[in-house]
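# Chain and residue survey
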Amino acid sequence: MTVKGKRILLGLTGGIAAYKAAELARALGRAGCDVRVAMTEAATRFITPVTLQALTGQAVWTDLWDPRVADNMSHIELSRDRDLILVAPASADFMAKAAQGLADDLLTTLVLARRCPLMVAPAMNVEMWDNPATQRNLRTLRADGVVFAGPAAGDQACGETGMGRMLEPAAIVAEVEALFQPKSLAGKRVLVTAGPTEERIDPVRVITNTSSGKMGYAVARAAREAGAEVTLVSGPVALEAPAGVARVSVRSAQQMFDAVKAAVKGSDIFISVAAVADWKVKNSSRQKIKKANGRAPALQFEENPDILAWVAAQKDAPFCVGFAAESEKVEAHARAKRLKKGVPLIAANLAQTAMGADDNALTLYDDRGRHPLGRGPKLDQARKLVAHFAAMLNKAR
Ligand code: C5P
């Protein structure tokens, strides 16, 4: 599900990160959202309402007593038709007021009068964030069902470093998208493998493959967005773990197998996206192999454990989803693999175009046949995959 057509009230409070809210308003607009803006008086000291008005094409609201709204009921009118109130940047003062239910300006009044969810993207100095009062307010707001986007750690405008930086606009849009995903996996525990594995030849050389981990990470994120508790066992990749996902980093297929064995107990769903090496080097060397007068080293191989087949064969196995990356005869190989590994669902793709790319075109195979997902960004493909197996699981109940 996209955020197209979602009606968002973007609230700005006083903080230097308010300049990023201009980019955020544009990004939300580009994603198809209908954006209205309310600013506190302090926010208007950092960025002018005219900027936000020009970017959203809508009047900007700053005053509880705005004469444009009849009966001074702007706090009701402005929040009523909204699907979300997003406060970015949210100051420590805003969090304190919202936690207490104070309503002494337009934005806090809108927040108190809302019927829709509230998402807060904090932005403040590290000491203000760490202050026990702010942390207490954070806990209170979370307990009240408020969703937090960030903050992140890093350099701050005041010259200090630490927690309190507002998330970048693109990351906030991603959190908004996540919020609107159907919670089809609520209460489920999901285990995902992702990325390549590395098989050692000697202390400096490995055999690996071109898997980037992007598909597996997208699947982990989509499962998390759908409300699952997600563990991601990842081979060596240069990707950040998706927010709220517990990552276990491994290198070799054997390490991946061990990590899966340790984590699979209690999992409801296992999604095996990793490109696991089929073979490991039996005679790997403890020392760096030296050149030997033009003679190639004689590597011997032994088979790695098939992690997916092992999980699928367990008593009380979780619902298993396999992947098949094939360079030819994708359908025939995928169908055969589904039966051989004993899994209810296989997601197949053409290795040449899928591996390393940002887009994919998955086709799902289950006992009802073939389900092409079309082509699109890996996160969209992952969301469709999650929707597919969540429906299979719900039917099986
Ligand atoms: O047999 P093949 O490697 O083509 O199967 C692909 C599927 O099996 C993927 O889901 C992959 O993660 C999984 N697999 C595995 N352990 C292996 C090999 C593949 O879990 N050793």
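Please read these numbers as outputs of a predicted model, since none were measured by experiment.

## A closer look at the side chain of Glu-225
Inspection of the secondary structure puts Glu-225 in helix α10 (residues 214-225). Once residues lying within four places of it in the same chain are set aside, the contact partners of Glu-225 are Ala-178, Gln-181, Pro-182, Lys-183, Leu-379 and Arg-383.

## Notes on the packing of aromatic side chains
With the rule as written, the count across this model stands at 2 aromatic pairs. Centroid distance Phe-257 to Trp-310: 5.4 Å. Interplanar angle 85°. Geometry classified as edge-to-face. Residue Phe-257 is located in helix α11 (residues 253-264), and its partner Trp-310 is located in helix α12 (residues 307-312); the two are separated by 53 residues in the primary sequence. A residue is classified by how much of its surface remains accessible, and Trp-310, at 29% relative accessible area, is partly exposed. Geometrically, the ring pair formed by Phe-319 and Phe-389 is tilted, given 6.2 Å between the ring centres and 35° between the ring planes. Residue Phe-319 is found in strand β17 (residues 319-326), and its partner Phe-389 is found in helix α15 (residues 378-396); the two are separated by 70 residues along the sequence. We note that Phe-319, like Phe-389, is buried. One cation-aromatic arrangement involves Lys-261 over Phe-257; the distance from NZ or CZ to the ring centre is 4.2 Å.

## Brief notes about the sheet that holds strand β4 (residues 84-90)
Spatially, β3-β2-β1-β4-β5-β6 is the arrangement adopted by the 6 strands of the open sheet, whose pairing is parallel. Every other strand in the sheet has two partners, leaving β3 (60-61) and β6 (147-148) as the edge strands with one partner each. Two strands pair when backbone bridges link them, and β4 and strand β5 (residues 118-122) are joined in this way by 4 bridges, in the parallel orientation. Paired with Ala-90 across the two strands is Pro-122, which belongs to β5.

## Considering the packing of α10 against α15
With their axes 8 Å apart at the nearest point, α10 and α15 run at an angle of 50° to one another. Considering their axes alone, α10 and α15 lie oblique with respect to each other. Crossing angle aside, the handedness with which α10 passes α15 is right-handed. Residues Lys-214, Met-215, Ala-218, Val-219, Arg-221, Ala-222, Ala-223 and Glu-225 of α10 form the contact with α15, whose own contacting residues are Lys-378, Leu-379, Gln-381, Ala-382, Arg-383, Leu-385 and Val-386. Looking at the contact of α10 with α15, its residues break down into 9 nonpolar, 1 polar and 5 charged.

## Digging into helix α13 (residues 330-341)
For an α-helix, 3.6 residues make a turn, and residues three or four places apart therefore share a direction. Counted at 1.5 Å a residue, the expected span for α13 with its 12 residues is 16 Å, and the 16 Å between its end C-alpha atoms agrees. Check the buried side of α13 and you find it contacts β17, β18 (345-350) and β20 (363-366). Two residues or fewer after α13 comes Gly-342, characterised by a positive phi angle close to 65°.

## A look at the domain arrangement of the protein
By the assigned domains, the protein splits into domain 1 (7-179) and domain 2 (189-396). Counting residues at the interface gives 4 residues for domain 1, matched by 4 residues for domain 2. Buried surface at the junction of domain 1 and domain 2, both sides included, amounts to about 270 Å², of which 42% is carbon and sulfur. Seen at the junction of domain 1 and domain 2, the total is 1 salt bridge. Where domain 1 touches domain 2, the interface holds 0 residue pairs in polar contact (both at pLDDT 80 or more).

## Section: the site of the ligand
Looking at the ligand, the residues that line it are Ser-272, Ala-274, Val-276, Asp-278, Pro-305, Asp-306, Ile-307, Leu-308, Gly-322, Phe-323, Lys-337 and Lys-341. One of the backbone N or O atoms of Leu-308 is found 2.8 Å from an oxygen atom in the ligand. Of all the secondary structure elements, the ones that give two or more residues to the shell around the ligand are α12, β17 and α13. The residue inventory of the shell around the ligand, partitioned by class, reads 6 nonpolar, 2 polar and 4 charged.

## Structural notes on the nonpolar core
Leu-185, Ile-271 and Phe-389 are the most contacted members of the largest nonpolar core, which totals 35 residues. Looking at this core, the elements that each hand over two or more residues are β9 (189-194), α10, β12 (229-234), β14 (269-272), β17, β18 and α15. When residues in this core are grouped by element, the largest group, 8 residues, is from α15. Ignoring sequence-local partners within four residues, the contact set of Phe-389 consists of Leu-185, Ile-269, Ile-271, Phe-319, Val-321 and Leu-345. Counting residues in hydrophobic clusters, the runner-up holds 34 residues, among them Ala-22, Met-39, Leu-52 and Leu-86.

## Let's talk about the pairing of strand β8 (residues 161-165)
Sheet analysis places strand β7 (residues 152-155) next to β8, joined by 4 bridges and oriented antiparallel. Bridging across to β8, Ala-152 finds its partner in Arg-165. The turn joining β7 and β8, which pair antiparallel and follow one another in sequence, is formed by 5 residues; a positive phi near 100° is taken by Gly-159.

## Brief notes about the packing of helix α1 (residues 18-30) against helix α9 (residues 169-179)
Closest axis-to-axis distance for the α1/α9 pair is 9 Å, and the angle between their directions is 45°. As judged from the angle between their axes, α1 and α9 are oblique. Considering only the axes of α1 and α9, their crossing is right-handed. For the pair α1 and α9, contact is made by Lys-20, Glu-23, Leu-24, Ala-27 and Leu-28 and by Pro-169, Ile-172, Val-173 and Val-176, respectively. Its residues placed into classes, the contact of α1 with α9 shows 7 nonpolar, no polar and 2 charged.

Conventions adopted
- Residues numbered from 1 in each chain as written.
- Predicted model: local features only at pLDDT ≥ 70, side-chain atom pairs only at ≥ 80, totals over all residues.
- Heavy atoms only, no water.
- Helix = DSSP H or I, 4+ residues; strand = E, 2+ residues; numbered from the N terminus.
- Contact = heavy atoms within 4.5 Å.
- Phe/Tyr/Trp six-rings, centres within 6.5 Å; stacked < 30°, edge-to-face > 60°.
- Buried < 20%, exposed > 50% of the residue type's maximum accessible area, 1.4 Å probe, protein only.
- Lys NZ or Arg CZ within 6 Å of the ring centre and 35° of its normal.
- Pairing = 2+ DSSP bridges.
- Axes fitted to C-alpha atoms, helices over the stretch in contact; angles between N-to-C directions.
- Parallel < 35°, antiparallel > 145°, perpendicular 65-115°, else oblique.
- Left-handed = near helix turned anticlockwise from the far one by under 90°.
- Nonpolar A, V, L, I, M, F, W, Y, C, P; charged D, E, K, R; others polar.
- Expected span 1.5 Å × (residues − 1).
- Domains from an automatic or database assignment.
- Buried area = accessible area lost by both parts, 1.4 Å probe.
- Salt bridge = Lys/Arg side-chain N within 4 Å of Asp/Glu carboxyl O.
- Polar contact = N/O pair within 3.5 Å; in protein donor to acceptor, adjacent residues only side chain to side chain.
- Near = heavy atom within 4 Å.
- Core = buried A, V, L, I, M, F, W, Y, C linked by side-chain atoms within 4.5 Å.

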